[in-house]
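Residues per chain are reported as follows:
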Amino acid sequence: MRKFILVDQSIKDASGHHLEYALRVLKAAKAEGFETVLAVNKSCKSFNAQGIDVIDRAFSHTFWENVSCRKLGPERPGSLLLRILSQKWHGWKHTISEKRADIAYEFQFSQVGMAYTLLGEGASAVSLAKKYRIAGSGQELSFGAIVCAALYYGIHTAFDRISPRFRWLREFVAPVTSVIGKSIRIFFQTLRFFLFAVISPFYLAYFILSWKKVSQKPESFSTLFGRECRQLLLRIGVCEGDLVFVPTLSEIELAGIGDCSQKREFSGLSWHLLFRRNIFNGREPSYLGEMPTIKTEHLALAEFKQNFRFGEAIFYTDTIPLTEQHNLLGVYRFHTLPIPHDESLRKLERTSIPLTVSYIGDARDEKGFAYLARLVGDMRAAGYDENRLRFRFQSNFNIPLGDVGPRMSKAELALLPDNGVELLEGPFDSETYADIVNHSDIILVPYDEMNYYARSSGVFAEALVAGVPVVYPAKSWMGRELLEENFRYWQSLASRLAIGRWFLLKNPHKPESDAVVESSIIVTDPGFSASRQEEPSGSNEIIVSATLKNPVIFFRFRLQGPEPGRYAKLCIFETTRRKASDGRYKDHKKLSGSVLLDLRATEGTVPFRVKKPGNYSIGLELCPQGGTVEAIGDPWTYVTRIEYVLADSPDPIPEQAVGAGYDSIEMLEAALTEIIEHYAHYEQSCLTFSASWGAYHSAQKLVRVLGGSEERQ
């Protein structure tokens, strides 16, 4: 029987994403007739291993421990000594400064520091004492901390009030303290010089020995991983045709696998290596400029190709954009694997309101947790009280103190009145995780669009498998995955609701213009009904009649070719013509809204919901790339054709199909509101979409691709 060996050196606990991923894959491998082997960390705790034939605690270091050793790369003794000599003069001062910053940080996020911060923001000691759980499990705000913070806050406030009265004393003392301080500094600088002169030979010997140790460390980590792989394979008795799947690895593990392949007895093995981290930080237009920064990844693959001897090595990522990134390295051809999901994920039928909005995952900056407190406040202010909407947020940190933004957001959420906001402490086992997903009505994925432009999100994928509507950044991998589904929905709406025929939008291509292009405006009789219109009065002007109940403008675009990583906006300006004092008419424009064009698609249809009747002109502009507008010419140069048609609907139409994508984080509230106001539509469309989505993103399909029974993409 062929063996399916899954290697994950990071599995140490009986819960977490790494273990869940492994269990799903091995369960599918067992169903496909493989003998299953799971190789984990040596310190891994016991867990329910149903469906796994062999568990081998093989590895000494986790993925993150291996990655961290790269930061300790070798440095030549000469350059190291020069660096030490140049830095030691100011080393003490720098160390003290760092320690002061560490102490300040520790104080700020200690119980007393947190209480002091909240008192400064207007909270009272009594209110803090009543609601003391501000940071979750193990971080309760004790009564003693509140008392200490209140005393410190009172003393500090009193000192601030009386200190101006003693300004004369400070002016008298300042010259004296300045002379004393200079004398002390001169003394210590002289002492430091003589001490350094005496012990410098010992410094030199110590750091040469340290350099030798550190310079060998990356090699020892990769060699250790390779040796442990080799011992694992010998213990379980691998044979020709067996399959080794490594779903989490870096250059360190890759080098170790290259060492392991030197043994002839492993010539029949097939290695399947999955890379799930992005190698570029930006989007496609910036990849060329980032090429020098990915030298390490390129050299690691090239060295592996040279060293790999016996067996077969196949490389994967789990998204198309990541595959495209790694294929740019030009060493190996990468393929795209599905994201295996839990078969127990299935949204439960709602029996009552309120709707439950969930955030699942660690409370981290890149995952948008810092925005959740503001979102809750905005939704409550908009009238969505606890009888209509309840929130459930996973709020554990991935590092001991957490990122600053999520830490403060968690404190703000915990101090809110008991109005339907529940903070959960993870990570969760698979049963608890599935229960949270299945009992959610909406799942928030407010991730950083740049970090997740190419990377996958397991929460997003599993929410869609369960049939739960999602709120997500449109300019990310998630937006790409739902783009075609939205286009189909919008095209069907346009075909059903359109009034008259499609009109061609004028292309005002002007080489000298900047990134924002606006059309000329011709205002005609505002009472002219669009339903009677045979020809448009101005090719870039749309007249919306008051006779339309819920007017929508549909735009159909076609590009010269795909422009990955670039986005444009169709800007819709409400226009009016006013008579000036000189008797001439002047046009006034006010931005009514915009529509995002994802230039990764060569053609598509997008809608714009018109707020009120009037005359509207159309402009086209490029979206910022990395915080700045790309000054690369007219955005119309990408466009072959843009057409529009006016439509009407008896009721307000849902703007998107499966979930609500937003252009920028400021639109997070609007995206959530969109799903709430049309929840029946989004719930039904997600349940329908989940069938096709789940059929592709399944552990069975992943195993069949690895095993060769299905073609690789």
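What you see is a predicted model, and the numbers here were worked out from it, not measured in a lab. (Residues numbered from 1 in each chain as written. Predicted model: local features only at pLDDT ≥ 70, side-chain atom pairs only at ≥ 80, totals over all residues. Heavy atoms only, no water.)

J.: I'd love a proper account of the overall build of the protein chain, names of residues and values included.
T.: A tally of helices and strands in the protein chain yields 20 helices and 24 strands. Split into buried and exposed, the 713 residues of the protein chain put 48% on the buried side. Expressed as a percentage of contacts within the protein chain between residues at least 6 apart in sequence, the contacts between residues at least 24 apart total 79%. About 35200 Å² of surface is accessible on the protein chain, with carbon and sulfur atoms providing 55% of the total. (Helix = DSSP H or I, 4+ residues; strand = E, 2+ residues; numbered from the N terminus. Buried < 20%, exposed > 50% of the residue type's maximum accessible area, 1.4 Å probe, protein only. Contact = heavy atoms within 4.5 Å. Areas by Shrake-Rupley, 256 points an atom, 1.4 Å probe, with all protein chains shown as cover.)

J.: Can you lay out helix α14 (residues 404-415) for me, pointing to particular residues and giving the numbers?
T.: If you check α14, its first and last C-alpha atoms are 17 Å apart, about what 12 residues at 1.5 Å a residue would give, namely 16 Å. Listed in full, the buried residues belonging to α14 are P406, R407, M408, S409, K410, A411, L413 and A414. (Expected span 1.5 Å × (residues − 1).)

J.: Mind laying out the nonpolar core, listing which residues take part and the relevant values?
T.: Within the largest apolar cluster, 73 residues are counted, with the highest numbers of intra-cluster contacts made by I443, F460, F554 and F555. If one sorts the elements of this core by residue count, helix α17 (residues 477-497) sits on top with 10 residues. Setting aside residues up to four positions removed in sequence, F555 forms contacts with W502, I542, L570, I572, G604, T605, V606, F608, I618, I642, E643 and Y644. (Core = buried A, V, L, I, M, F, W, Y, C linked by side-chain atoms within 4.5 Å.)

J.: Pulling in residues and values, what's your account of helix α18 (residues 668-677)?
T.: For an α-helix, 3.6 residues make a turn, and residues three or four places apart therefore share a direction. Most of α18 is tucked away, with seven of its 10 residues classed as buried. Of the residues making up α18, those classed as buried are L668, A671, L672, T673, E674, I675 and I676.

J.: Quick one: what's the story with the pattern of salt bridges, residue by residue and with numbers?
T.: Under the definition given, this model contains 26 salt bridges. One salt bridge in this structure joins E228 and K42, with 3.6 Å as the shortest N-O distance. In this pair, E228 sits in helix α8 (residues 167-236) while K42 sits in the loop between β2 (35-41) and β3 (54-59), placing the two residues 186 residues apart along the sequence. Given a relative accessible area of 47%, K42 falls into the partly exposed group. Residues joined in a network through salt bridges with shared partners are R283, E449 and K475. (Salt bridge = Lys/Arg side-chain N within 4 Å of Asp/Glu carboxyl O.)

J.: Lay out the side chain of R455 in plain terms, naming residues and giving numbers.
T.: Following the sequence through the fold, R455 ends up in the loop between β11 (442-444) and α16 (458-466). Among the polar contacts listed, one links the side chain of R455 to the side chain of E366, at a separation of 3.5 Å. In this structure the side chain of R455 is engaged in a polar contact, spanning 3.2 Å, whose partner is the side chain of Y452. When residues no more than four places from it in sequence are discounted, the contact partners of R455 are R276, R277, N278, T319, L322, E366 and W477. (Polar contact = N/O pair within 3.5 Å; in protein donor to acceptor, adjacent residues only side chain to side chain.)

J.: Talk me through the sheet that holds strand β8 (residues 355-359); I want residue IDs and the actual numbers.
T.: Across the sheet, six strands lie side by side as β10-β9-β8-β11-β12-β24; this open sheet has parallel pairing. Each having just a single partner strand, β10 (421-424) and β24 (660-662) make up the two edges of the open sheet. Averaged over all pairs of adjacent strands, the angle between strand axes in this sheet comes to 20°, irrespective of strand direction. Pairing between β8 and strand β9 (residues 389-394): five bridges, direction parallel. (Pairing = 2+ DSSP bridges. Axes fitted to C-alpha atoms, helices over the stretch in contact; angles between N-to-C directions.)

J.: Kindly report on the environment of N41, identifying the contributing residues and their values.
T.: Counting through the fold element by element, N41 comes out in strand β2. Residue classification places N41 among the buried positions, given a relative accessible area of 2%. Along the primary structure N41 and V7 are separated by 34 residues, whereas in three dimensions their C-alpha atoms are 9.4 Å apart. Not counting the four nearest positions on each side in its chain, N41 is found in contact with D8, Q9, I11, K12, R57, F59, S60, H61 and T62. Only 3.0 Å separates the side chain of N41 from the backbone oxygen of Q9, close enough to count as a polar contact. Polar side-chain contacts of N41 include one of 3.5 Å to the backbone oxygen of F59.

J.: Quick rundown of the confidence of the model for the protein chain? Include the residues and the values.
T.: Averaged over every residue, the pLDDT of the protein chain is 81; residues scoring 70 or more account for 80%. Note on residues 212-218: pLDDT under 50 across the span, and six contacts to partners over four residues away in sequence or across chains. This model gives residues 510-538 a pLDDT under 50, and the stretch forms 60 contacts once residues within four places in sequence are excluded. (pLDDT = per-residue confidence, 0-100.)

J.: Go over the pairing of strand β6 (residues 312-317) with me, naming the residues and quoting the values.
T.: With respect to burial, β6 is a largely interior element, five of its six residues being buried. Of the pairings in the sheet, the one linking strand β5 (residues 270-274) to β6 comprises five bridges and is parallel in character. Across the sheet, the residue bridging to H272 is I314, located in β6. As judged from the three bridges shared by β6 and strand β7 (residues 334-336), these two strands associate in the parallel manner. Paired with F315 across the strands is F334, a residue of β7. In this region the chain leaves β6, passes through helix α12 (residues 320-327) and returns to the parallel neighbour β7; the handedness of that crossover is right-handed. (Right-handed = clockwise from strand over helix to strand, strands pointing away.)

J.: Lay out the layout of surface pockets with the relevant residues and their values.
T.: Its volume calculated, the second largest pocket comes out at about 980 Å³. If you trace the second largest pocket, you find 35 residues lining it, with S594, E655, Q656, D663 and M667 closest to the centre. Contributions of two or more residues to the lining of the second largest pocket are made by α17, β17 (567-579), β18 (585-598), β19 (603-609), β24 and α18. Residue contributions to the lining of the second largest pocket peak at eight residues, all from β18. (1 Å grid on protein atoms, 1.4 Å probe; cavity = no way out; pocket = protein on both sides within 12 Å on 5 of 7 lines; lining within 4 Å. Points joined across faces, edges and corners; volume = space filled by probe spheres on them.)

J.: Give me the lowdown on the packing of helix α9 (residues 251-260) against helix α11 (residues 295-307), citing residues and values where you can.
T.: With their axes 9 Å apart at the nearest point, α9 and α11 run at an angle of 10° to one another. What the angle tells us is that α9 and α11 run roughly parallel. Contacts from E251, L254, I257 and G258 in α9 reach T296, E297, A300, L301, F304 and N307 in α11. (Parallel < 35°, antiparallel > 145°, perpendicular 65-115°, else oblique.)

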